[in-house]
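Coordinates in review
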Amino acid sequence: MPELPEVEALAQDLSSRLVDRAITRVDLAAFSALKTYDPPLQALHGTLVESVTRHGKFLDINASGLHLVMHLARAGWVRWRDEAPALPARPSSKSPLAARVVIDDEASLDITEAGTKKSLALYVVHDPADVEGVARLGPDPLSEEFTEQVLAEILAAEGRKQLKGVLRHQGTIAGIGNAYSDEILHAARMSPFKPADGLDEAELATLYAAIRTCLGDAVERSRGLAASELKGEKKTNMAVHGRTGKPCPVCGDTVREVSFADSSLQYCATCQTGGKPLADRRMSKLLK
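Now for a look at the structure at hand. Owing to the predicted nature of the structure, the values given are computational and were not obtained by experimental measurement.

The geometry of helix 3 (residues 148–158) relative to helix 6 (residues 201–222) is characterised by a closest axis approach of 10 Å and an angle of 110 degrees between their N-to-C directions. On the basis of their axis angle, the class for helix 3 and helix 6 is roughly perpendicular. Considering how the two elements wind past one another, helix 3 and helix 6 form a crossing that is right-handed. On helix 6, the residues that touch Glu148, Leu151, Ala152 and Leu155 of helix 3 are Leu204, Ala205, Leu207, Tyr208 and Ile211. Residue composition of the contact of helix 3 with helix 6, by class: eight nonpolar, no polar and one charged.

This part covers the packing of helix 5 (residues 178–188) against helix 6. Any two packed helices are characterised by the angle at which their axes cross and by the distance between the axes. Between helix 5 and helix 6, whose axes approach to 8 Å, the crossing angle comes to 130 degrees. Taken together, the axes of helix 5 and helix 6 lie oblique to each other. Helix-helix and strand crossings are classified by hand; for helix 5 and helix 6 the assignment is right-handed. Along the contact surface, helix 5 presents Tyr180, Glu183, Ile184, Leu185, Ala187 and Ala188, while helix 6 presents Thr206, Leu207, Ala210, Ile211, Cys214, Leu215 and Ala218. Of the residues belonging to the contact of helix 5 with helix 6, the class tally is 11 nonpolar, one polar and one charged.

Criteria and thresholds
- Residues numbered from 1 in each chain as written.
- Predicted model: local features only at pLDDT ≥ 70, side-chain atom pairs only at ≥ 80, totals over all residues.
- Heavy atoms only, no water.
- Axes fitted to C-alpha atoms, helices over the stretch in contact; angles between N-to-C directions.
- Helix = DSSP H or I, 4+ residues; strand = E, 2+ residues; numbered from the N terminus.
- Parallel < 35°, antiparallel > 145°, perpendicular 65-115°, else oblique.
- Left-handed = near helix turned anticlockwise from the far one by under 90°.
- Contact = heavy atoms within 4.5 Å.
- Nonpolar A, V, L, I, M, F, W, Y, C, P; charged D, E, K, R; others polar.

Following this line, the structure appears as structure tokens:
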């Protein structure tokens, strides 16, 4: 799933390609992806792109005061075409295409979603805050407003909830998902199951620094990369996420995994849990 660093890089890349250019038309190939009806999708036709920005994991194309907001979900992505296909995009069960934004010089932005589980969402609104997911977002962890004190207040309010879940919850902190929560907790040398309100002052400072550094470094690495290069950049720079069974780059211990119904987390026992492996309840049930 694209998270804050990848969505920020997409916004920067698309800004350089789209700003001051007109949208000729928008073809909808997956009707279920469009979550709004007023303004209609056709209202974007003939508008001029003014900016491309990010709200958490949401991309926002501002065109003449209208906003095409998209959430790429788990399997969504964008692809730039220097030359759009001659025929308008049409619904097809065999194609991952969800929508195509055609630009004035006949270039296009293809919005795609792989797999059979469709969660990608498109919204046409007058204000990004009209999108419920955007309106509910917590503070952006790379913004000036996200201070160590703000993090302390968030953790205190979350009580005994596990750090991993708190970091991932978009209404608490915007933009961090499964991958970067693993990376942040590894950098901070903290268990993903540690209670949110269980940090002392030194641990709070460590976690805050890990959030800012992990995300900030990932944004810098992604800066200037085209959309086609971002997935590879993300994967090659992970310390623990997606690296089950491989050596931890810090201590050399084996990266371990805890599986859940629809996701998993990775961690290093030596770095994060005092050498004690975490219980994998799903695997335990399978072995019984």
